[in-house]
Amino acid sequence: VRRNPFLLLAAKEVRLQQLTFVASLMYCVLFVTLWARRGTWVHYHDGIEVATAIHGIIVATLAGALSCAEERALGTLQWQLLQPISRRVQFAVKIGVTAAIVFGLAFGLPAVLSLIAGFPMDGLVKARTAFTFTLILAGSIYLSSVAASSLIAFFACIPAFVPAFWFAINVAGEIPISVFGLFHHLPRGQIARRLLAVPDGLAMLVW
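Conventions we followed
- Residues numbered from 1 in each chain as written.
- Predicted model: local features only at pLDDT ≥ 70, side-chain atom pairs only at ≥ 80, totals over all residues.
- Heavy atoms only, no water.
- Bend = angle between axes of the 7 residues up to and from the residue.
- Helix = DSSP H or I, 4+ residues; strand = E, 2+ residues; numbered from the N terminus.
- Phe/Tyr/Trp six-rings, centres within 6.5 Å; stacked < 30°, edge-to-face > 60°.
- Buried < 20%, exposed > 50% of the residue type's maximum accessible area, 1.4 Å probe, protein only.
- Polar contact = N/O pair within 3.5 Å; in protein donor to acceptor, adjacent residues only side chain to side chain.
- Contact = heavy atoms within 4.5 Å.

### Digging into helix α3 (residues 44-74)
The sharpest bend along α3 measures roughly 40° and falls at S67. One or two positions beyond α3, positive phi appears at G75, with a value near 80°.

Following this line, the structure appears as structure tokens:
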């Protein structure tokens, strides 16, 4: 039977992410455990939100680390490059499937769990959160493309992302405030005030 090569590539990328689904399964167990103990713990909602944020970071890091290095470890990269599909198209399929898995598990899964449990998770999908997960995914995919194995790529993300988060907090978060204070008191600064009214947007631009 003749099969669609793009669907086969997408299915292969999903199989490479088995460990990512295991991490999300552990998050589901943690979510249900925290929700079941809501009567004995006053700040259970804070625990769920922290667990959701950590789950998103782990999923973005793990999915990127498994995207390229896992094929190299399994020895399937060589024969895949012999397929009658250009490398750019194959890599585009890899990026698309990996990003869909990350955002589906990081945002879609918590949304479904909160909807079923009736937990009001306000501000689950934010522009800055989505942008941060995208940066983590891009960095982990790059490390996966140069690392010898997915395990090395995953642990290499830790020292690589620490300076990035430091930059986000101390630089990207402070520059919009300084620029806003500079233009806010101008007599004809109506346009500047409108552009800088949301510091998060400028912070992402600095990122």
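Now that the structure is up, let's keep going.
### Remarks on the packing of aromatic side chains
Taken as a whole and assessed by the stated rule, the structure comprises four aromatic pairs. Geometrically, the ring pair formed by F107 and F133 is tilted, given 5.5 Å between the ring centres and 45° between the ring planes. Of this pair, F107 sits in helix α5 (residues 87-117) while F133 is found in helix α6 (residues 127-146), placing the two residues 26 residues apart along the sequence. Per residue, the accessibility class of F107 equals that of F133, and both read buried. Ring geometry for F154 against F155: centres 5.5 Å apart, planes inclined by 80°, an arrangement best described as edge-to-face. Clustering of aromatic rings is evident, with ring pairs tying together F103, F107 and F133.

### Digging into the side chain of S150
Positionally, S150 belongs in helix α7 (residues 150-172). At a separation of 3.0 Å, a polar atom in the side chain of S150 contacts the side chain of E70. For S150, the contacting residues outside a window of four places in its chain are A65, L66, A69 and E70.

This is a description of form; function is not addressed.
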